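Single-letter residue listing:
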Amino acid sequence: ELKVEQNPLFLSMQEGKNYTIYCNYSTTSDRLYWYRQDPGKSLESLFVLLSNGAVKQEGRLMASLDTKARLSTLHITAAVHDLSATYFCAVEVARGGADGLTFGKGTHLIIQP
Amino acid sequence: DAGVTQSPTHLIKTRGQQVTLRCSPKSGHDTVSWYQQALGQGPQFIFQYYEEEERQRGNFPDRFSGHQFPNYSSELNVNALLLGDSALYLCASSLYLGLRRDSPLHFGNGTRLTVT
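This section reports on the structure supplied with the text. Quick caveat: nothing in here was measured; it's all calculated off a predicted structure.

## Re the state of the cysteines
(1) Moving on: Using the criterion set out here, one finds two disulfides over all chains in the structure.
(2) Moving on: At a sulfur-sulfur separation of 2.0 Å, the disulfide partner of Cys23(A) is Cys89(A). Measuring handedness by torsion sign, the sulfur bridge of Cys23(A) and Cys89(A) sits at about 80° and is right-handed. Taken together, the residues span a long stretch of sequence, with Cys23(A) in strand E3 (residues 19–25) and Cys89(A) in strand E9 (residues 85–92) at a distance of 66 residues. Of the two residues examined, Cys23(A) and Cys89(A), each falls in the buried class.
(3) Moving on: Here Cys23(B) is linked by a disulfide to Cys91(B), with a sulfur-sulfur distance of 1.8 Å. Where Cys23(B) bonds to Cys91(B) through sulfur, the torsion about that S-S bond is close to -60°, and the disulfide is left-handed. Taken as a pair, Cys23(B) in strand E3 (residues 19–24) and Cys91(B) in strand E9 (residues 87–94) lie far apart in primary sequence, 68 residues in all.

## Considering the pairing of strand E6 (residues 53–57) of chain B
As a general feature of sheets, a regular strand has side chains that alternate between the two faces.
Residues and elements named next belong to chain B.
(1) Moving on: Inspection of the sheet shows strand E5 (residues 44–50) paired to E6 by four bridges, in the antiparallel sense. Residue pairing in the sheet places Tyr 50 in a bridge with Glu 53 of E6.
(2) Moving on: The antiparallel pairing of E5 with E6 creates a hairpin that spans two residues between the two strands, and Glu 51 there sits at a positive phi of about 50°.

## Some points on the side chain of Gln6(A)
All names here are of chain A.
(1) Moving on: Along the chain, the position of Gln 6 falls in strand E1 (residues 4–7).
(2) Moving on: A polar contact is formed between the side chain of Gln 6 and the backbone oxygen of Tyr 87, at a distance of 2.9 Å.
(3) Moving on: At a separation of 3.2 Å, a polar atom in the side chain of Gln 6 contacts the side chain of Thr 107.

## Focus on the nonpolar core
(1) Moving on: Residues Leu32(A), Trp34(A), Leu74(A) and Tyr87(A) are the most contacted members of the largest nonpolar core, which totals 26 residues.
(2) Moving on: Broken down by secondary-structure element, the contributors of at least two residues to this core are strand E2 (10–14), E3, strand E4 (31–37), strand E5 (43–49), strand E7 (61–66), strand E8 (71–76), E9 and strand E11 (107–112) of chain A.
(3) Moving on: Residues contacting Leu32(A), with those up to four places away along its chain left out, are Cys23(A), Tyr25(A), Phe47(A), Val48(A), Leu49(A), Leu65(A), Ser72(A), Ala90(A) and Val91(A).
(4) Moving on: With 20 residues, the next largest nonpolar core counts Leu11(B), Cys23(B), Val78(B) and Leu113(B) among its residues.

## Observations concerning the sheet that holds E8(A)
Residue and element names in this part refer to chain A.
(1) Moving on: Strands sit in the order E1-E3-E8-E7-E6 across an open sheet of five strands; the sheet is antiparallel. Of all strands in the sheet, those bounded by a partner on one side alone are E1 and strand E6 (55–58). This sheet shows a mean twist of 15° between the axes of neighbouring strands, independent of strand direction.
(2) Moving on: Relative to E3, E1 runs antiparallel, the two being bridged by four bridges. Looking at E3, one finds that Gln 6 is bridged to Cys 23.

## Quick word on the packing of aromatic side chains
By convention here, two paired aromatic rings are described through the distance between centres and the angle between planes.
(1) Moving on: Scanning the model with the defined rule gives ten aromatic pairs over all chains in all.
(2) Moving on: Seen from their ring centres, Tyr33(A) and Tyr35(A) are 6.0 Å apart, and the 25° between their planes marks the pair as stacked.
(3) Moving on: Judged by relative accessible area, Tyr35(A) falls into the buried class, the value being 0%.
(4) Moving on: Each residue in the set Tyr33(A), Tyr35(A), Phe88(A), Phe103(A), Tyr35(B), Phe45(B) and Phe107(B) is aromatic and connected to the rest through ring pairs, giving one cluster.

Rules behind the numbers
- Residues numbered from 1 in each chain as written.
- Chains lettered and ligands numbered in written order.
- Predicted model: local features only at pLDDT ≥ 70, side-chain atom pairs only at ≥ 80, totals over all residues.
- Heavy atoms only, no water.
- Disulfide = S-S within 2.5 Å.
- Helix = DSSP H or I, 4+ residues; strand = E, 2+ residues; numbered from the N terminus.
- Buried < 20%, exposed > 50% of the residue type's maximum accessible area, 1.4 Å probe, protein only.
- Pairing = 2+ DSSP bridges.
- Polar contact = N/O pair within 3.5 Å; in protein donor to acceptor, adjacent residues only side chain to side chain.
- Core = buried A, V, L, I, M, F, W, Y, C linked by side-chain atoms within 4.5 Å.
- Contact = heavy atoms within 4.5 Å.
- Axes fitted to C-alpha atoms, helices over the stretch in contact; angles between N-to-C directions.
- Phe/Tyr/Trp six-rings, centres within 6.5 Å; stacked < 30°, edge-to-face > 60°.

The analysis is restricted to geometry; functional conclusions fall outside its scope.
Below, the structure is given as structure tokens:
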């Protein structure tokens with residue numbers, strides 16, 4: 001059974017600081033996703049990572065993938081309050097031509113002024 | 001370009017009742033997946049529909065069933081509701097696995113189901 005573990009599950013940080021969220025998964029993956037969810041809202045796609053060594057950046061967020069270590073990271077640079085949200089990583093393993101995502105429990109991020 | 005739309009947005013049902021949730025995929029998408037998100041948890045995969053057939057199923061009982069229509073829209077049915085079925089139900093659409101590369105699943109805003 002595929003397991004996806006995120007840490008930390010809860011993170012409170014100050015504006016201007018840097019931090020990294022980690023996502024470990026237990027089996028070979030075809031794709032890894034990062035999503036953001038604001039309270040009471042749906043999931044917003046941040047990044048899709050396909051191959052070993054993939055790195056993608058958007059604003060203050062940067063995601064990377066190490067398929068050999070089965071590890072993805074989401075790095076936050078110079079955090080701002082607007083980045084407060086819950087961040088999920090999700091792993092996709094294609095089976096029989098179909099696919100479903102297995103999500104981590106999420107990292108609840110609070111950025112304080 | 002309309003994204004994924006779900007209805008209703010909120011629903012309150014009594015234990016033992018049945019419920020139907022609806023989803024229209026993003027324009028151009030042909031595959032619909034359903035997820036259950038309990039409060040404070042990550043979404044859990046229920047099942048996926050493509051070409052009007054269930055292609056893959058997560059670890060959910062037979063009380064959860066679905067359907068996909070020729071226009072790619074989908075329904076999720078839950079019978080004999082339990083208190084534990086209270087959750088946010090999310091629909092996601094995409095192109096079938098073999099046709100997409102780095103495009104993500106697109107999620108709707110969800111249906112909040114409360115079972116009393």
